[in-house]
Amino acid sequence: MRKTHLFLAACFAATLTACGQSADTPETSEEQAAAEGEYERGPHNGRMLRDGDFAIEVTVFEDGVPPEYRLYAYRDNEPVDPETVRARVMITRLDGEKTTFEFEPEQDYLRGQGVLVEPHSFDVVVVAIEGDNSHRWAFESYEGRVTISDEAARPAGIRTETVGPQQVGETVEIIGRVELDPSGSAEVGAKFPGTVMSLHANLGDRVARGALLARVESSSSLQTYPIYAPISGVITQRNTNIGDIADSDPMFVISDPSRTVATFPIFPRDIERVRPGQSVLIRGLEGQRAQGSRIRDFLPLAEVSSQAVTARAPLPNRDGFWRPGMAVRGLVSVDQRRVPLAVRTDAIQQFRDFRVVFAKIGETYEVRMLELGQEGPEWTEVLSGIDAGTVYASENSYVIKADIEKSGASHDH
């Protein structure tokens, strides 16, 4: 950076009255326009700040260089020589951090001395001095920021954690599918052989535990007895009709659709690396949905032709998103190392060209652009972009991203 052009320090340190503007002069309508998401743009597509016949156009230049402020001065809409203007921009971020940018004249603009670090989301104060006149503006310049009350965040499933050290693992990718968990299914048959007298459930019906499924007349006692559902779930098989003779074969199969497992064939090249108890991040082949789990067990037999052994991981399915038969991708954590900073892998979202998490300050969430290291199914190493001790949205962060996109809090200056 070039050496900072020195200001008249006493003028900036003093009140605006001492710099040629009365202390009770109201600020321009820029704050109101910014609050409405609209503002006048200048010839360089920047934000125009006007005070009488004097104006400053504020731009953020990032074409081939790190983002920097560039200011253009005008009087009566005609360019003003930047050598005759002194300026300062002060920004205050959501967490209270303040940064001041000094400016040097260069070509037809004033160039900010410093990099404008992402995210470009802050409250801005601009002060400009031309001759004996001082001008001041204040406005909001937010991106990737939204306020969600704690009362609204809880039912939306938004949970938070604190950035800190974690164990991060190397990963192995495996492809599998969703199946009903055998432990969540029940075969329902007749207690005593006999004739099916009535049926009260059909294929696809959802039944509660204790619901009446059928009545059977015992062949030996000629007494009719009821058959009830032993678990809650969905009828996935109905193997009988009225008048059939019920015997030892199951009349119904009931499965709980919220209890699913992901099954993965583990081929010989990975068998020595993938073990029960290892964490696995399960994703659909398309979309953003991801869910953490652990390898629960392996089926005892290998598949003869491929020599693959089937690994199973629980996949709780309370909202019914995972459908039996869906193909899924798993990232298994196989080697662990401790890193000083990590965030939940599930928390990471795509925002513009960045991978981000959403820091939480009060009831406001704001993007933090991350430089990432090793990615594991549960934790991902963070090299830069967020500080240790920062609270961030660790679960259901896609809800926050959707709110930001809906509000139009885009990258705009």
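Read on for an overview of the structure. (Residues numbered from 1 in each chain as written. Predicted model: local features only at pLDDT ≥ 70, side-chain atom pairs only at ≥ 80, totals over all residues. Heavy atoms only, no water.)

**Considering the environment of D76**
Quick note on the threshold: The helix and strand labels rest on DSSP assignments: H or I over at least four residues marks a helix, E over at least two residues marks a strand, and numbering proceeds from the N terminus.
By secondary structure assignment, the location of D76 is in the loop between strand 3 (68-75) and strand 4 (78-79). Considering only alpha carbons, one finds D76 and D53, 23 residues apart in sequence, at a separation of 5.1 Å.

**Describing the pairing of strand 14 (residues 194-199)**
Defined as follows: Strands qualify as paired when DSSP identifies two bridges or more between them.
In this sheet, strand 19 (residues 245-246) lies alongside strand 14 in antiparallel orientation, the contact comprising two bridges. Residue pairing for strand 19: T195 is matched across the bridge by I245. In the sheet, strand 14 pairs with strand 16 (residues 212-218) via five bridges, with the strands oriented antiparallel. What sits directly across from G194, in strand 16, is S218.

**Here we look at the sheet that holds strand 13 (residues 185-188)**
If you walk across this open sheet you meet the four strands as 13-20-18-15, and the pairing is antiparallel. The open sheet has two edge strands with one neighbour each: strand 13 and strand 15 (206-207). In the sheet, strand 18 (residues 233-238) pairs with strand 20 (residues 252-255) via four bridges, with the strands oriented antiparallel. Residue pairing in the sheet places R238 in a bridge with F252 of strand 20.

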